[in-house]
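Architecture and fold: a report
Below are the chains, spelled out letter by letter.
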Amino acid sequence: ARFAVDAAEGDRRRREELDGLALDIPQAIERDEVEILFQPQVAIGGGRIVGVEALARWRHPVRGEIGAEALFGAAERAGLTVALSKHVQRCALRRAARWPESLARLRLSINVTAEDVAHPGFADLLLDRIDASGFPRNRLTVEITESGLIEDLGEASGLLAELRTGGCRVAIDDFGTGYSSLAYLKALPLDYLKIDKSLTQDLSLIHISEPTRLLSI
């Protein structure tokens, strides 16, 4: 019983903290307090860096550095998830477009949210965003978490196919932490599957109709 009370109290405090942060989200976007960090993606064979994933961090003027989970949690409370996601994507694409020639072969991975995916015409909006940045489509990977997948697999498949036809690659992130269903792997056009460590022991059981790269995270 004590554990349940402590857990409930912890949840209440987190909600209150997110509510407080939500008030500062418009300022964070307007004043460029959200910065982009690039996490290397390394090839298993040889250890060569083949790409990077763009991660958002909030340099809050009072609370210091705030990670992406709390940042987007606050944006959701403020009803500004789509606006924040668009801001992060634009910043990441602009920075990557200015990489020196020595980094010209690196791929860039950006994340999209469930709200992005549900937005009408999202694929066209994202492709326009990419083109406006000057970053080449064929070096971009769009990552969608399991929880970001819309319920209609047919509609999801169409969306991902549009992005692939547009020249991007598509990845499912954090596989194994959401639906954990192998059924949609055959229904969705994927290039990469980033799997949770808890599933790495079961790779031999995964059968996908189209060649898909499996990445353990």
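In this report, we go over the structure that sits alongside the text. (Residues numbered from 1 in each chain as written. Predicted model: local features only at pLDDT ≥ 70, side-chain atom pairs only at ≥ 80, totals over all residues. Heavy atoms only, no water.)

Description of the environment of Asp32
With respect to the helices and strands, Asp32 occurs in the loop between helix 2 (25-30) and strand 1 (34-42). Classification of Asp32 by relative accessible area gives exposed; the value is 52%. Here the alpha-carbon distance between Asp32 and Trp58, two residues 26 residues apart in the chain, equals 9.0 Å. (Helix = DSSP H or I, 4+ residues; strand = E, 2+ residues; numbered from the N terminus. Buried < 20%, exposed > 50% of the residue type's maximum accessible area, 1.4 Å probe, protein only.)

Quick look at the pairing of strand 2 (residues 49-60)
In the sheet, strand 1 pairs with strand 2 via nine bridges, with the strands oriented antiparallel. Directly across from Glu35, in strand 2, lies its bridge partner Arg57. Connecting strand 1 to the antiparallel partner strand 2 that follows it, the hairpin turn spans six residues, and Gly46 within it adopts a positive phi of roughly 100°. Relative to strand 4 (residues 107-112), strand 2 runs parallel, the two being bridged by three bridges. Residue pairing in the sheet places Val52 in a bridge with Leu108 of strand 4. Pairing geometry for strand 2 and strand 3 (residues 64-66), over three bridges, is antiparallel. Bridge assignment links His60 to a residue of strand 3, and that residue is Gly64. Between strand 2 and the antiparallel strand that follows it, strand 3, lie three residues. (Pairing = 2+ DSSP bridges.)

A closer look at helix 6 (residues 122-133)
Helix length check: helix 6 (12 residues) gives 17 Å between terminal C-alpha atoms against 16 Å at 1.5 Å per residue, within 8%. If you check which residues of helix 6 are buried, you get Phe122, Ala123, Leu126, Leu127, Arg129, Ile130 and Ser133. Angularly, the buried residues of helix 6 cover 155° about the axis, an arc narrow enough to put them on a single face. Where helix 6 is buried, its residues touch helix 4 (81-97), strand 4, helix 5 (114-118), strand 5 (140-145) and helix 7 (153-165). Phi turns positive, to about 90°, at Gly134, one or two residues after helix 6. (Expected span 1.5 Å × (residues − 1). Arc of directions from axis to C-beta. Contact = heavy atoms within 4.5 Å.)

Quick look at the packing of aromatic side chains
All told, the structure shown has two aromatic pairs when counted by the stated rule. Their ring planes at 75° and their centres at 5.5 Å tell us that Phe38 and Trp99 sit as a pair that is edge-to-face. You can see Phe38 sitting in strand 1 and its partner Trp99 sitting in the loop between helix 4 and strand 4, a full 61 residues away along the chain. When its relative accessible area of 17% is taken as the criterion, Trp99 is described as buried. Measuring from centroid to centroid gives 6.1 Å for Trp99 and Phe135, while their planes differ by 90°, and the two rings are edge-to-face. Here the residue Trp99 occupies a position in the loop between helix 4 and strand 4, and Phe135 occupies one in the loop between helix 6 and strand 5, the gap between them amounting to 36 residues. Considered together, Trp99 and Phe135 belong to a single accessibility category, that of buried residues. Taken together, the aromatic side chains of Phe38, Trp99 and Phe135 make up a single cluster linked through ring pairs. (Phe/Tyr/Trp six-rings, centres within 6.5 Å; stacked < 30°, edge-to-face > 60°.)

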